[in-house]
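Okay, here's what each chain looks like letter by letter:
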Protein chains: 2
Amino acid sequence: MLKPSILLTPVAIAAAAMLFSKAAFAVSHDPESIQNKALKDVVAFEITEGLTTEVGQRQAGTEAEARARDWSVKKLKALGFQNVRNEPFMMPTWVRGAETAEVTVPYPQKFHVTALGNSASTGDAGIEAEVVYFDSLAAMQAAPDGSLKGKIAFVTHNMHRAQDGSGYGAFGPVRWNGPGIASEKGAAAYVIKSIGTDSHRNPHTGNMNFPEGVKPIPAGALSLPDADNLERIMKLAEKSKMPVAMKLVLTPQNIGEQESGNIIAEVTGRDPSKGMILIACHLDSWDLATGAFDDAAGCGIVTAAAKQIMDHGKPLRTIRILWAGAEEVGLWGGKAYAKAHTGSKHVIAMESDFGADNIWRVEFNLPDGAETVQKQIAQALLPLGIGSSGPPATGGADVSNIIASNNLAVIDLQQDGTRYFDLHHTPDDTLDKIDPKQMRQNVAAWTTVLSVIANSDIDFTMPSRK
Amino acid sequence: MLKPSILLTPVAIAAAAMLFSKAAFAVSHDPESIQNKALKDVVAFEITEGLTTEVGQRQAGTEAEARARDWSVKKLKALGFQNVRNEPFMMPTWVRGAETAEVTVPYPQKFHVTALGNSASTGDAGIEAEVVYFDSLAAMQAAPDGSLKGKIAFVTHNMHRAQDGSGYGAFGPVRWNGPGIASEKGAAAYVIKSIGTDSHRNPHTGNMNFPEGVKPIPAGALSLPDADNLERIMKLAEKSKMPVAMKLVLTPQNIGEQESGNIIAEVTGRDPSKGMILIACHLDSWDLATGAFDDAAGCGIVTAAAKQIMDHGKPLRTIRILWAGAEEVGLWGGKAYAKAHTGSKHVIAMESDFGADNIWRVEFNLPDGAETVQKQIAQALLPLGIGSSGPPATGGADVSNIIASNNLAVIDLQQDGTRYFDLHHTPDDTLDKIDPKQMRQNVAAWTTVLSVIANSDIDFTMPSRK
């Protein structure tokens, strides 16, 4: 969901909404009444509240994620879905240990730090070393080989809030490529300014991997205020030609292959030969918070929309709900799903995994012949303030593998990500961040799209598969 | 600074500002030019940046506060003040240990907790006990004696943001009286929803004391999202008649009498017989953050204003700056100052200790005969958007003892506290929270007031001392 965007101006949206007339999108399942009913949804919030309260954090491969699967199967059955099941798979698991960071010279003070996923351990004694500062990943890349030997490399960035989350793609490499580059240049450890846009003492974790043959080193993220403080210290120290030393303790460990699982539920359709619509989210969260935005909300939204359709009567096509396991730590659930289900007939894949704020744009990647349906969806979404002037849809992380293996059509409902990276992968991703009104707009948009595509009998098979 | 308030409407402020004319408040030191110069101040931010970057947290009685005193003496001398000195005193010191909290039954998950100042220790093994929930302090007070025996009492509250910080007075007793009440009812430990108004996983610490003869018990504050989660768990468990158990580990300790100190600096006046104007802030912070809002900013603001006056030429009266030590943990600096200086001739006391957001109201407690000066100040502050329709001034915490012992006149410049209790006593009280523009408005207001009172020769002696 992290692609460049073309923004519709509010004026353009309003003008389009005014032109919209009920007659223009009349279908067998009237979108307007379905939309209005969905705007009163309570199921999405109920699922998000349940997962974050009755389970809490749900790190992949841990007993907490297993409890989340039990909760999910029970909940999806209670909601009345069919074929509710857990499809287990194994995946390598890394767990957090102790984590502290402090400047020891010249201005002793403690910082808030968290280990990045797959960080090596410093050992209980920690590492104390001189800090070398770079204001970008490019600056560290330009440092001579061996120049970081025995040192702690510290890299900052200039990420800002953006509606479409573009900053993540631009500055994320500081997290996911930086540790390997630092290791190759001989660094003893690597710390970054958290990849985020907030001002709280809550560091952002997230996955990274060392390239084949590169020695894993300890790698952590400082909270943004702490990173700003360290940056000021580095600049003061440079002026006075004083060294800066940091002591870092990170003791995560790899605990080997553990069980995770994909939770599946269905609204069975009247005609299975028409192929399934796959709607996805991920059940696992990072361990630092209860994962309300990332991604209990996504599971709530897609499931609430499927329930709206189910409650309206059996749709033509089957809608399959996938609450994927182990997304955060390497898309293991999405890979396992694609492996297990490549032979099944899917027609369209969709995912919700970008919080719970208003959807502002729909994007499509549909075959020739679907123009009428596409136009119908775009018009039906206008009353919700959703435009359609975007690039082609590409799908979310959990459905990326099945989209690739089965060459699926895709529809993306893009959420407002302005505050997403304030919360993403931090301890602050908790239930209070959900705005129920915006969440209901999401459910209404998803219900609108599903009501059209689940009841349309046109062929969504993409050209190269024909 | 936590008193009920009468708000001036924006319209009233604007109307008053329009009526304001330069001629109305002409004094020897022209307030308008002094104000305009002060609006360009950089010293307040420089002090706040220095204390939070080059020292960091400055808990009273620790080596960090001692480093802060060294930094302060050096800085105040460099700024050109006279009689810069440290006046040491001793005070009892409590320091934080390990702190964790987790629900163990029925929905295992970890919460963010911090010990309240003067909390007892649970010991390294912690306490695991059933949780009893109260939605107010009054509800816990109404519980039968002995009903909390061996249990962990959990109290929430309904504090909201307010411009004048009124919520702190209303709900603060949950923190400062609750632990004693819980102990008297037999509780093994006490946890609260942090006394604050934010939505972050950063609990609010703060001082409390057990009444004479009441056994100290472990007492901690959960972050607001965690407390909300525990509240939901308590309500679900109540419906299902399940017990809820929590494991709490808090290992703070009392380390006995330690040295703190008051830092003093002066702008010596032309006529010492006119008595000193005392302007105060506190140098110590809580240990969880670098104390930018609480209260490096206050020290920055009062000192920058004094420097503006000093740079303009020797004032009639001496201005004494007090950066008090050990405020957070029991006003030890203010008490020590009053004890050492009751014999000195002070005439007016003022303090800045409520962040760095805009000043919105001036309050006075001046003797008869000061009406003209009071009016002059009120008018001179109007261009800064500051009204004067408040209650009598009462002064800040650090000057409360000298005000009482010497019966001093007081002027309060009330700051906008809307977001103060988002940050107060949390890890989030860091430099990035300072809005330099609002901070400069503070410096301009303080400079305006000081320029009038330091150059006025009227007698500010309060009636009962005459």
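1. Here's the deal with the overall build of chain A
Step number 1: Scanning chain A from terminus to terminus reveals 15 helices and 15 strands.
Step number 2: Relative to its length of 466 residues, chain A is compact, with a C-alpha radius of gyration of 23 Å against a globular reference of 23 Å.
Step number 3: Viewed in the frame of its principal axes, chain A has a C-alpha envelope of about 75 × 50 × 40 Å.
Step number 4: Per-residue burial for chain A yields a buried fraction of 57% across its 466 residues.

2. Looking at the interface of chain A and chain B
Step number 1: Taken together, the contact between chain A and chain B spans 22 residues of the former and 22 residues of the latter.
Step number 2: Each residue belonging to the side of chain A that touches chain B can be placed in one class, and the counts come to five nonpolar, ten polar and seven charged.

3. Description of the sheet that holds strand β13 (residues 346–351) of chain B
In a beta sheet, neighbouring strands pair by backbone hydrogen bonds and run either parallel or antiparallel.
Residues and elements named next belong to chain B.
Step number 1: Across the sheet, which stays open at both edges, the seven strands sit in the order β1-β10-β12-β11-β13-β15-β14 with mixed pairing between neighbours. Two strands close off the open sheet at either side, each with one partner strand: β1 (82–95) and β14 (359–365). Sheet twist, expressed as the mean angle between neighbouring strand axes with direction ignored, is 20°.
Step number 2: Here β14 pairs with strand β15 (residues 409–415) via six bridges, running antiparallel.

4. Quick notes on the pairing of strand β6 (residues 152–155) of chain B
All names here are of chain B.
Step number 1: Of the two faces of β6, both are covered, the one formed by I152 and F154 as well as the one formed by A153 and V155.
Step number 2: With four bridges connecting them, strand β5 (residues 127–134) and β6 associate as parallel partners. Directly across from F134, in β6, lies its bridge partner V155.
Step number 3: One ladder, built from four bridges, connects β6 with strand β7 (residues 189–193); its direction is parallel. Within the sheet, the bridge partner assigned to A153 lies in β7 and is Y190.

5. Observations concerning the nonpolar core
Step number 1: A153 and I348 of chain A together with A153 and I348 of chain B are the most contacted members of the largest nonpolar core, which has 272 residues in total.
Step number 2: Contacts of A153 of chain B, omitting those with residues within four sequence positions, involve V132, F134, M140, L148, A182, A187 and Y190 of chain B.

6. Comments concerning the pairing of strand β8 (residues 219–222) of chain A
Each regular strand shows side chains that alternate between the opposite faces of the sheet.
Residues and elements named next belong to chain A.
Step number 1: What you see with β8 is no split at all: A219 and A221 on one side and G220 and L222 on the other are buried throughout.
Step number 2: Across three bridges, the pairing between strand β4 (residues 113–115) and β8 is antiparallel. By the bridge assignment for β8, V113 is matched with L222.
Step number 3: Where strand β7 (residues 189–193) lies against β8, four bridges are found, and the strand directions are parallel. Looking at β8, one finds that I192 is bridged to A221.

7. Quick notes on the environment of A306 of chain A
Residues and elements named next belong to chain A.
Step number 1: Examined against the element boundaries, A306 turns out to sit in helix α10 (residues 292–311).
Step number 2: Placed 14 residues apart in sequence, A306 and R320 show a C-alpha to C-alpha distance of 8.6 Å.
Step number 3: Ignoring any residue separated from it by four or fewer positions in sequence, one finds A306 in contact with V267, I279, I319, I321 and L450.

8. Here we look at helix α15 (residues 436–453) of chain B
Step number 1: Taking 1.5 Å per residue, 18 residues should reach 26 Å; α15 of chain B reaches 26 Å between its end C-alpha atoms and fits that length.
Step number 2: For α15 of chain B, the tally of buried residues reaches 15 of 18 residues, placing the bulk of the element in the interior.

9. Section: the sheet that holds β4 of chain A
All names here are of chain A.
Step number 1: Reading across the sheet, the eight strands line up as β3-β2-β9-β5-β6-β7-β8-β4 and stay open at both edges, with mixed pairing between neighbours. Looking at the sheet topology across the chains shown, the edges are occupied by β3 (109–111) and β4. Averaged over all adjacent pairs, the angle separating strand axes in this sheet is 30°, with direction ignored.
Step number 2: In this sheet, β3 lies alongside strand β2 (residues 99–105) in antiparallel orientation, the contact comprising three bridges. Looking across to β3, one finds that E102 is bridged to K110.

10. Quick look at the relation of the copies chain A and chain B
Step number 1: With an RMSD of 0.0 Å, chain A superimposes on chain B once it is rotated by 180° and translated 0.0 Å along the axis. The superposition operator between the copies reduces to a two-fold rotation axis.
Step number 2: Mapped onto chain B, 100% of the interface residues of chain A again fall at the interface, so both copies present the same surface.

11. Some thoughts on unusual backbone geometry
Step number 1: Going from V105 of chain A to P106 of chain A, the amide bond is cis rather than trans, its omega being 0°.
Step number 2: Its location among the elements puts P106 of chain A in the loop between β2 and β3.
Step number 3: With an omega of 10°, the peptide bond between D294 of chain B and D295 of chain B qualifies as cis.
Step number 4: Along the polypeptide, D295 of chain B turns up in helix α10 (residues 292–311).
Step number 5: In this structure, N83 of chain B is a non-glycine residue whose phi angle is positive, near 50°.

12. With respect to the domain arrangement of chain A
Residues and elements named next belong to chain A.
Step number 1: Under the domain assignment, chain A is made up of domain 1 (10–93 + 256–465) and domain 2 (97–251).
Step number 2: Taking only C-alpha atoms into account, the centre of domain 1 sits 35 Å from that of domain 2.
Step number 3: Here the side of domain 1 that touches domain 2 gets three residues from one element, more than from any other, and that element is helix α14 (residues 420–423).
Step number 4: Its residues placed into classes, the side of domain 1 that touches domain 2 shows eight nonpolar, seven polar and five charged.

13. Points about the packing of helix α2 (residues 31–38) of chain A against helix α15 (residues 436–453) of chain A
Residues and elements named next belong to chain A.
Step number 1: Relative orientation of the contacting elements α2 and α15 amounts to 150°, with a least axis distance of 8 Å. When the interaxial angle is binned, α2 and α15 end up roughly antiparallel. Read as a crossing pair, α2 and α15 show a hand that is right-handed. Residues P31, I34, Q35 and A38 of α2 lie in contact with α15, whose contacting residues are V443, A444, T447, T448, S451 and V452.

Each value, and the rule that gives it
Residues numbered from 1 in each chain as written. Chains lettered and ligands numbered in written order. Predicted model: local features only at pLDDT ≥ 70, side-chain atom pairs only at ≥ 80, totals over all residues. Helix = DSSP H or I, 4+ residues; strand = E, 2+ residues; numbered from the N terminus. Rg over C-alpha atoms; globule rule 2.2 N^0.38 Å. Buried ≥ 20, exposed ≤ 12 C-beta atoms within 10 Å, placed from the backbone. Contact = placed C-beta atoms within 7 Å. Nonpolar A, V, L, I, M, F, W, Y, C, P; charged D, E, K, R; others polar. Pairing = 2+ DSSP bridges. Axes fitted to C-alpha atoms, helices over the stretch in contact; angles between N-to-C directions. Core = buried A, V, L, I, M, F, W, Y, C linked by C-beta atoms within 7 Å. Expected span 1.5 Å × (residues − 1). Least-squares fit on C-alpha atoms with pLDDT ≥ 70 in both. Domains from an automatic or database assignment. Parallel < 35°, antiparallel > 145°, perpendicular 65-115°, else oblique. Left-handed = near helix turned anticlockwise from the far one by under 90°.

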